Amino acid sequence: QVQLVESGGGLVQTGGSLRLSCAASGRTFSSYAMGWFRQAPGKEREFVASISWSGGTTHYADSVKGRFTISRDNAKSTVFLQMNSLKPEDTAVYYCAAGLSVSSRRATYNYWGQGTQVTVSS
């Protein structure tokens, strides 16, 4: 079992930055690939970014490529999402997830956090 707790969300103006963190506890964090997903009101939960257990492989949704960066610190059992040049369409609840392989598919991830709200004002 892995418990995930996100933090770092908030209200920011267009063009601003936020850094989300996801702290993990339970089973060995470094064994898991990690992903960030987001869900806007009335929309499906969508993939944002993922990172392999070693940090050597990352993937991004086209909508965030070049603006967001995923990273991890296995010694601190934490994964991060640095979000720059934020846009109103980035407004959503952001979730981190843990799974056994790097993937953009929600079904790949076994464990999910409760989410943190990100609101970008225009």
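Reading the values: rules and limits
Residues numbered from 1 in each chain as written. Predicted model: local features only at pLDDT ≥ 70, side-chain atom pairs only at ≥ 80, totals over all residues. Heavy atoms only, no water. Phe/Tyr/Trp six-rings, centres within 6.5 Å; stacked < 30°, edge-to-face > 60°. Helix = DSSP H or I, 4+ residues; strand = E, 2+ residues; numbered from the N terminus. Buried < 20%, exposed > 50% of the residue type's maximum accessible area, 1.4 Å probe, protein only. Lys NZ or Arg CZ within 6 Å of the ring centre and 35° of its normal.

A look at the packing of aromatic side chains
Phase 1: Under the defined criterion, the tally for this structure stands at five aromatic pairs.
Phase 2: Between Y32 and Y111, the aromatic rings sit 6.0 Å apart at their centres with planes inclined by 80 degrees, giving edge-to-face as the arrangement. You can see Y32 sitting in the loop between strand 3 (18-26) and strand 4 (33-39) and its partner Y111 sitting in strand 10 (residues 109-112), a full 79 residues away along the chain.
Phase 3: On the basis of relative accessible area, Y32 is assigned to the buried category, the value being 7%.
Phase 4: Since its relative accessible area comes to 17%, Y111 is described here as buried.
Phase 5: Judged by centre distance (5.0 Å) and plane angle (55 degrees), the ring pair of F37 and W112 falls under tilted. Pair noted here: F37 is in strand 4 and W112 is in strand 10, with a separation of 75 residues, a long-range link.
Phase 6: For F37, a relative accessible area of 0% puts it in the buried group.
Phase 7: An aromatic cluster is built from F37, F47, Y109 and W112, whose rings are joined through pairwise contacts.
Phase 8: The positively charged end of R45 is found above the aromatic ring belonging to Y95, 3.6 Å away from the centroid.
Phase 9: Its guanidinium or amino end placed over the ring of W112, R45 lies 5.1 Å from that ring's centre, counting from NZ or CZ.

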